[in-house]
Amino acid sequence: MNRRSLIARTAIVTLSIVLLGTVVRAADLKVMTSVALTSVLNELAPVFEKTTGNKLAINYGLAADLKKRILDGERADVIILIRPMMDDLQKQNKFAANRLVNIAGTPVGVAAREGAPKPDISSVDAFKQALLTARSIVYADPAKGGVSGIVFARALDRLGIAEQMKGKTILVPGAQAAEVVARGEAELGIGQASEIVPVAGVQLVGPLPGELASMTLFTAAIGAESVSPETARALIEFLIGSEAALRFKAKGFEAG
């Protein structure tokens, strides 16, 4: 090989290394997270991408479905689900490190159409009466794994009115209860506060009262097979930072 060819070949190899380094530094992170976080993560993702140069591929879904996919072997760099499910996944060694980070919590609450009188839900008895007098209610189908739907189904059982409510209940497959209320198709909706606050045309009446109250805590971890664990860690740190906290609060969440 002559000197000119050797120099040209060396230059190509050097350029390839530089380009490869750029690709490695600008990571594409796969995030698997509950649909309840959609509104806030859709705002935060562009901020993180602009600040770091990394790209996020966010997979939203029902928490139960995502947990099953992860148990079945699907890879993700960052996983954000409700705390009990994350505890289960941790026991199955699905995380890169033995560390779970609380991101934010959101209460299960009641939605009414914007401008409509707010029902009295200040006590368990008042809430029960509000449900019995409502023309219709909507909530996530518990059989499909929606957390708020499971919480509310248990509340109906505790109140002893599950059978009475069946005839005026609309079940939806996911975080759609507030949208149904906004369209005027149901008088009251039950869902995560974070699924109610961002929806135009509805108002958050308040959280479920007394012993019926339920706070859903979302927790993050780095996936066991993450190809970019350092960037994944940077995303989690960003999500518990001050800028993210303000956006979480505006969307109906509370600090983790």
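Before reading further, recall that the structure is shown in the block above.
Right, let's walk through the structure included here. (Residues numbered from 1 in each chain as written. Predicted model: local features only at pLDDT ≥ 70, side-chain atom pairs only at ≥ 80, totals over all residues. Heavy atoms only, no water.)

Quick look at the packing of helix H2 (residues 38–52) against helix H10 (residues 229–239) now. Running from N to C, H2 and H10 cross one another at 125°; their axes reach a closest spacing of 11 Å. The pairing of H2 with H10 is recorded here as oblique in orientation. Once H2 is placed against H10, the crossing between them reads as right-handed. Here H2 contributes Leu-41, Leu-44, Val-47 and Phe-48 to the contact with H10, which in turn contributes Thr-231, Ala-234, Leu-235, Phe-238 and Leu-239. Residue composition of the contact of H2 with H10, by class: 8 nonpolar, 1 polar and no charged. (Axes fitted to C-alpha atoms, helices over the stretch in contact; angles between N-to-C directions. Helix = DSSP H or I, 4+ residues; strand = E, 2+ residues; numbered from the N terminus. Parallel < 35°, antiparallel > 145°, perpendicular 65-115°, else oblique. Left-handed = near helix turned anticlockwise from the far one by under 90°. Contact = heavy atoms within 4.5 Å. Nonpolar A, V, L, I, M, F, W, Y, C, P; charged D, E, K, R; others polar.)

What follows concerns the packing of aromatic side chains. Evaluation of the coordinates by the stated rule reveals 5 aromatic pairs. With a centroid separation of 4.8 Å and an interplanar angle of 75°, the aromatic rings of Tyr-139 and Phe-152 are classed as edge-to-face. Residue Tyr-139 is located in strand E5 (residues 137–140), and its partner Phe-152 is located in helix H6 (residues 147–159); the two are separated by 13 residues in the primary sequence. The residues Tyr-139 and Phe-152 share a single accessibility class, namely buried. Plain terms: the ring middles of Phe-218 and Phe-253 are 6.3 Å apart, the flat faces sit at 70° to each other, and that makes the pair edge-to-face. (Phe/Tyr/Trp six-rings, centres within 6.5 Å; stacked < 30°, edge-to-face > 60°. Buried < 20%, exposed > 50% of the residue type's maximum accessible area, 1.4 Å probe, protein only.)

This part takes up the pattern of salt bridges. With the rule as written, the count across this model stands at 14 salt bridges. A salt bridge links Glu-43 to Lys-251; its shortest N-O distance comes to 3.0 Å. Here Lys-251 lies in the loop between helix H11 (242–250) and strand E10 (254–255) and Glu-43 lies in helix H2, a separation of 208 residues in the sequence. Residue classification places Glu-43 among the partly exposed residues on the basis of a relative accessible area of 31%. By relative accessible area, which is 15% here, Lys-251 ends up buried. Within this structure, Glu-43, Glu-243, Arg-247 and Lys-251 form a network of salt bridges that share partners. (Salt bridge = Lys/Arg side-chain N within 4 Å of Asp/Glu carboxyl O.)

What follows deals with the pairing of strand E3 (residues 78–82). Burial analysis of E3 places 5 of its 5 residues in the buried class, which makes it a mostly covered element. Pairing between strand E1 (residues 28–34) and E3: 3 bridges, direction parallel. Within E3, the position partnered with Met-32 by the bridge is Ile-79. Across 5 bridges, the pairing between E3 and strand E9 (residues 215–222) is antiparallel. (Pairing = 2+ DSSP bridges.)

Among the residues of helix H4 (residues 83–91), Met-85, Met-86 and Leu-89 are the ones counted as buried. One side of H4 carries all its buried residues, which in axial view fall inside an arc of 100°. Exposed positions of H4 whose direction lies more than 90 degrees from the buried face are Pro-84 and Lys-91. On its buried face, H4 is in contact with helix H3 (63–71), E3 and E9. In the segment just after H4, Asn-93 is the residue with positive phi, at about 60°. (Arc of directions from axis to C-beta.)

Between two packed helices, both the angle of their axes relative to each other and the distance between the axes serve to describe the pair. Look at helix H5 (residues 124–133) against H6: their axes get within 11 Å of each other, and the N-to-C directions meet at 100°. In terms of axis orientation, H5 runs roughly perpendicular to H6. Across the interface between the two elements, Val-124, Phe-127, Lys-128 and Leu-131 from H5 touch Phe-152, Leu-156 and Leu-159 from H6. For the contact of H5 with H6, the class distribution of residues is 6 nonpolar, no polar and 1 charged.

Our next topic: the environment of Pro-142. Secondary-structure assignment places Pro-142 in the loop between E5 and H6. For the pair Pro-142 and Phe-152, spaced 10 residues apart in the sequence, the C-alpha separation amounts to 8.6 Å. Setting aside residues up to four positions removed in sequence, Pro-142 forms contacts with Gly-149, Ile-150, Ala-153 and Leu-171.

On to the side chain of Glu-49. Mapped onto the elements, Glu-49 comes out in helix H2. Buried within the structure, Glu-49 lacks any salt-bridge partner; its nearest side chain of opposite charge belongs to Lys-55, at an N-O separation of 4.5 Å. Residue contacts for Glu-49: discarding those within four places in its chain leaves Asn-54, Lys-55 and Leu-56. (Lys, Arg positive; Asp, Glu negative; His and termini not counted.)

Functional significance is not addressed by these values, which are geometric in nature.
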